[in-house]
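One letter stands for each residue in the lines below.
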Amino acid sequence: MSPGRRAQPKGTRHGFAENPDGSYATTGRGLEVLDNPLLNKGTAFTPDEREELGLYGLLPAAVETLDRQARRAYAQYLAQPDDLRKNIYLTALQERNEVLFYRLLGDHLPEMLPIVYDPTIARAIEGYSHEYRRPQGVYLSIDDPAGIRRAFANLGLGPDDVDLIVASDAEEILGIGDWGVGGGAGIAVGKLAVYTAAAGVDPARVVAVALDVGTDNERLLNDPLYVGNRHSRVRGRRYDDFIDAYVSAATAGFPGAMLHWEDFGPSNARRILERYTGRVATFNDDMQGTGAIVLAAMLGAVRVSGTPMREQRIVVFGAGTAGIGIADQLRDAMVRDGLTPQEAVRRIWAVDRQGLLTDDMSGLRDFQLPYARPAAEVAGWPREAREDGIGLGEVVGRVRPTMLLGTSTAHGAFTEQIVRAMAAAVERPVIFPISNPTSRIEAMPEDLIRWSAGRALVATGIPVAPVTHGGLTYTIGQANNALLYPGLGLGVIVSRARRVSGGMLQAAAEAVGAMADVSAPGASLLPPVADLREVSATVAVAVARRAAAEDLARVDLPDPVQQVQDAMWQPRYRPVRGV
Ligand SMILES: NC(=O)C1=CN([C@@H]2O[C@H](COP(=O)(O)OP(=O)(O)OC[C@H]3O[C@@H](n4cnc5c(N)ncnc54)[C@H](O)[C@@H]3O)[C@@H](O)[C@H]2O)C=CC1
Ligand SMILES: CC(=O)C(=O)O
Ligand SMILES: [Mg+2]
């Protein structure tokens, strides 16, 4: 029996143990087996298994292969009328049979990733309480912090049984704002599905956590079907104590697990990461994962344009969690390319709602302060009447950026005028509108390519079709953290890293960047989603090696390539034996 799984009493989610030969042993019988998505094989249970597990008469006669089941499931999937229904179909499949779900997802990853994840997941989250059928993961309530340990204990898992916990308080779900308990559960489950599909993280060894701290979304508070805590979002001391109680319970219960934070609001995201980063293996995907994937795409752009990192002039539009997380990674890359930290920061201009951030502004967030420009430097720049700030158009005109990054959620903010001005000043403007979902993107690639006469180097957060312009086809890389965090997580799991360091993030970014072949005109700056499994394995090896080099690994890594391969869970049925 692997140390990872123990035979569980009836009714637990896992309810099985793994034998040394890879088969499963369960005390469950009958419907209990069919209701366990990690054990259930449906019509693929053999006649012997049907006898042994009390399934006789509970299944139709046919004994099918996973292949045939996957064919049927794909036909059912295609018969769904729209993307949201497809998402709901796949969620139900995952709740029924995880192997079949991941087999289907793996067979059709580029087609299905936008359905289980960005952008369709945004619609699924908006409808969570109405489509709710079954719970997924753990729901922790700010109204009962003392109950956190009991909630984890009810999973029936031992201290060595969990590799990874994804938690969200859902204050800033993608670019759609506060979506309460459904946002927390939905995004955590979606991120975990990508961990498994992309990097083979074992779905039996992960936990999704919705941190239900209330919601300020009036639509939810006034919806009779809303399934979360029906009060406004709790902030301040009580919030911090709740997060502390969560981290204490998670690390006490599952000491080997990496804690992944997703879609926290800007007032909490960085503070939380900084509080725990020196204590446990923890990672904020919106700050660090996004920063690393944008750096990976930027390394591709540097190869195409020939302008080194140290000579870039970068405008970040939307100076929030993701925007400043990316700025930090790009600043570090410029420092590695020879600049001092001060010189690197001076090559970055951050623009938010109030315009260009300057050091005479009140109310700047602590993480924005390093990027605020000296007020004297911009004294003569014209201001916009609306906010009395220096707008994006003015900044682009003055700075002549080599790179324009969109993390604002402001749909259409990269206007034709702004893009044309940028393209008039630099030969290969790098423009990454990475806000999600589609309704929040700052500009569509087709327009960016047209307005720049085919010269813009573009990557987006959402998946988009190739663009044809002037007889050339431009493949648009998906600068979404999903191309990075699964491999990073797998590298942490394989190395059992004590921490997630800046060096490990850099290694991940460089590994992804190196996998894009940017030599052909119009080539994508990032590897394709179709190669996600290979990308994730490569990232995991780079991360594990870096963890070992920094003395952060808790296991020996004599052959990280093989160790990563061995750790990757595959969607295939195992024999199931009754005990
Ligand atoms: N492609 C990817 O992998 C990722 C993309 N994102 C996307 O980035 C966007 C921002 O996410 P977070 O940073 O987590 O949110 P956030 O709320 O922390 O930051 C958004 C920032 O944009 C500013 N903003 C809003 N409207 C604006 C406007 N009209 N003009 C200028 N600034 C404006 C806000 O004041 C805030 O500072 C979202 O759409 C999200 O989906 C976030 C993480 C990963
Ligand atoms: C992709 C992602 O993490 C976000 O948009 O928040
Ligand atoms: Mg996110």
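The protein carries the name NAD-dependent malic enzyme in an unreviewed UniProt entry, which gives Streptosporangium oxazolinicum as its organism. Recorded under Sequence similarities (unreviewed entry), the UniProt text for the protein is reproduced unchanged: "Belongs to the malic enzymes family." We quote the UniProt Cofactor (unreviewed entry) comment for the protein here in full: "Mn(2+)".

1. Notes on the side chain of Asp263
Positionally, Asp263 belongs in the loop between strand E6 (258-261) and helix H13 (269-276). In this structure, Asp263 is buried with no salt-bridge partner, the nearest side chain bearing the opposite charge being Lys191 at 5.9 Å.

2. Section: the site of ligand 1
Near ligand 1 lie 25 residues; those nearest to it are Thr321, Ala322, Asp352, Ala479 and Asn481. Ala322 has a polar backbone atom sitting 2.7 Å from an oxygen atom of ligand 1. Contact with the protein chains covers 89% of the free accessible surface of ligand 1, which is 840 Å². Elements with a contribution of two residues or more to the shell around ligand 1: helix H14 (285-305) and helix H15 (321-336).

3. A word on the site of ligand 2
In the vicinity of ligand 2, the residues found are Tyr117, Leu174, Lys191, Glu262, Asp263, Asp286, Asn436, Asn480 and Asn481. Take Asp263: an N or O atom from its side chain is 3.0 Å from an oxygen atom of ligand 2. Between ligand 2 and the protein, one listed contact pairs an oxygen atom with a side-chain N or O atom of Asn481 at 3.0 Å. Contact with the protein chains removes 89% of the 220 Å² of surface that ligand 2 exposes when unbound. Residues that form the shell around ligand 2 fall into these classes: 2 nonpolar, 3 polar and 4 charged.

4. Topic: the coordination of the magnesium ion (ligand 3)
On the protein side, the magnesium ion (ligand 3) has Glu262 (OE), Asp263 (OD) and Asp286 (OD) as donor atoms, found 2.0 to 2.1 Å from it. Site description for the magnesium ion (ligand 3): donor spacing in sequence, E-D-x22-D. Of this pair, Glu262 sits in the loop between E6 and H13 while Asp286 sits in helix H14; the two residues are 24 residues apart in sequence, bridging distant segments of the chain. Since its relative accessible area comes to 1%, Glu262 is described here as buried.

5. Let's talk about the environment of Val378
By secondary structure assignment, the location of Val378 is in the loop between strand E10 (355-356) and helix H17 (392-399). When the C-alpha atoms of Val378 and Glu32 are compared, they prove to be 68 Å apart, with 346 residues separating the residues in sequence. With residues up to four places along the chain from it excluded, the contact list for Val378 reads Leu356, Thr358 and Ile390.

6. Brief notes about the confidence of the model for the protein
Do not read the fine detail of predicted coordinates wherever pLDDT is low. The pLDDT averaged across the protein works out to 96; a share of 98% of its residues lies at or above 70. Contacts from residues 1-13, a stretch scored under 50 in pLDDT, to residues over four places away or in other chains number 39 contacts. Model confidence for the complex: the whole-complex pTM is 0.96, and ipTM, which rates the interface, is 0.99.

7. Concerning the sheet that holds strand E1 (residues 16-18)
Spatial ordering of the open sheet is given by E1-E2-E17, a layout of 3 strands whose pairing is mixed. Every interior strand has two partners, whereas the edge strands, E1 and strand E17 (576-578), have only one. Taken pair by pair, the neighbouring strands of this sheet meet at an average axis angle of 30 degrees, ignoring direction. Here 3 bridges tie strand E2 (residues 24-26) to E17, and the two strands are oriented parallel to one another. Looking at the pairing, Thr26 lines up with Gly578 of E17.

8. What about the UniProt feature "domain: Malic enzyme N-terminal" (unreviewed entry) in the protein?
The UniProt feature table records "domain: Malic enzyme N-terminal" (unreviewed entry) at residues 94-277. Measuring from the first to the last C-alpha atom of residues 94-277 gives 32 Å, for a span that is 47% helix and 11% strand.

9. As for the packing of helix H4 (residues 83-96) against helix H6 (residues 109-116)
Their axes nearest at 9 Å, the elements H4 and H6 cross at an angle of 95 degrees. The orientation of H4 with respect to H6, classified from their angle, is roughly perpendicular. Residues Asp83, Lys86, Asn87 and Leu90 of H4 lie in contact with H6, whose contacting residues are Met112, Ile115 and Val116. Among the residues forming the contact of H4 with H6, the class breakdown is 4 nonpolar, 1 polar and 2 charged.

10. Section: the pairing of strand E5 (residues 206-212)
Counting buried positions over the 7 residues of E5 gives 7, a clear majority of the element. Here strand E3 (residues 138-141) runs beside E5; their pairing, made up of 4 bridges, is parallel. Bridged to Val138 within E5 is Val209. Alignment of strand E4 (residues 164-168) against E5, held across 5 bridges, turns out to be parallel. Within E5, the residue paired with Leu164 across the bridge is Val206. Taken together, E4, helix H10 (residues 180-199) and E5 form a β-α-β motif whose crossover is right-handed.

11. Here we look at the environment of Leu299
Within the secondary structure layout, Leu299 lies in helix H14. C-alpha of Leu299 to C-alpha of Glu510: the two residues are 211 residues apart in sequence and 7.8 Å apart in space. Discounting residues that sit within four places of it in the chain, Leu299 has contacts with Ala509 and Glu510.

12. Quick notes on H4
The first and last C-alpha atoms of H4 sit 20 Å apart over 14 residues, in line with the 20 Å expected at 1.5 Å per residue. Every buried residue of H4 is accounted for by Leu84, Lys86, Asn87, Ile88, Tyr89, Leu90, Leu93, Gln94 and Glu95. Turning to H4, the residues buried within the fold contact helix H3 (66-78), helix H5 (98-107), H6, helix H7 (120-126), helix H8 (128-131) and H10. If you check the start of H4, you find a side-chain oxygen 3.2 Å away from the backbone N of Leu84, and it comes from Asp82.

13. Focus on the packing of H10 against helix H20 (residues 485-495)
In the contact formed by H10 and H20, the axes pass within 8 Å of each other and the chain directions differ by 75 degrees. By the angle class used here, H10 and H20 are roughly perpendicular. Taken together, the residues of H20 that come into contact with H10 (itself represented by Gly190, Lys191, Val194, Tyr195, Ala198 and Ala199) are Tyr485, Pro486, Gly487, Gly489 and Leu490.

14. Focus on empty space enclosed by the protein
Taken as a whole and assessed by the stated rule, the structure comprises 4 cavities of 30 Å³ or more. Looking at the largest cavity, its volume works out to about 400 Å³. If you list the elements that add at least two residues to the lining of the largest cavity, you get H4, H7, H8 and H10. For the lining of the largest cavity, the residue count by class is 12 nonpolar, 6 polar and 4 charged. Of the volumes computed, that of the second largest cavity is approximately 120 Å³. Around the second largest cavity, the lining is made up of 17 residues, and of these Tyr24, Leu38, Val99, Arg572 and Arg574 lie nearest the centre. Residue classes in the lining of the second largest cavity are distributed as 10 nonpolar, 2 polar and 5 charged.

What counts and what doesn't
- Residues numbered from 1 in each chain as written.
- Chains lettered and ligands numbered in written order.
- Predicted model: local features only at pLDDT ≥ 70, side-chain atom pairs only at ≥ 80, totals over all residues.
- Heavy atoms only, no water.
- UniProt positions renumbered as here; feature names shortened; annotations may be inferred.
- Helix = DSSP H or I, 4+ residues; strand = E, 2+ residues; numbered from the N terminus.
- Buried < 20%, exposed > 50% of the residue type's maximum accessible area, 1.4 Å probe, protein only.
- Lys, Arg positive; Asp, Glu negative; His and termini not counted.
- Salt bridge = Lys/Arg side-chain N within 4 Å of Asp/Glu carboxyl O.
- Near = heavy atom within 4 Å.
- Polar contact = N/O pair within 3.5 Å; in protein donor to acceptor, adjacent residues only side chain to side chain.
- Areas by Shrake-Rupley, 256 points an atom, 1.4 Å probe, with all protein chains shown as cover.
- Nonpolar A, V, L, I, M, F, W, Y, C, P; charged D, E, K, R; others polar.
- Donors = N, O, S within 2.8 Å, 3.2 Å for Na, K, Ca; no water.
- Contact = heavy atoms within 4.5 Å.
- pLDDT = per-residue confidence, 0-100.
- Pairing = 2+ DSSP bridges.
- Axes fitted to C-alpha atoms, helices over the stretch in contact; angles between N-to-C directions.
- Parallel < 35°, antiparallel > 145°, perpendicular 65-115°, else oblique.
- Right-handed = clockwise from strand over helix to strand, strands pointing away.
- Expected span 1.5 Å × (residues − 1).
- 1 Å grid on protein atoms, 1.4 Å probe; cavity = no way out; pocket = protein on both sides within 12 Å on 5 of 7 lines; lining within 4 Å.
- Points joined across faces, edges and corners; volume = space filled by probe spheres on them.

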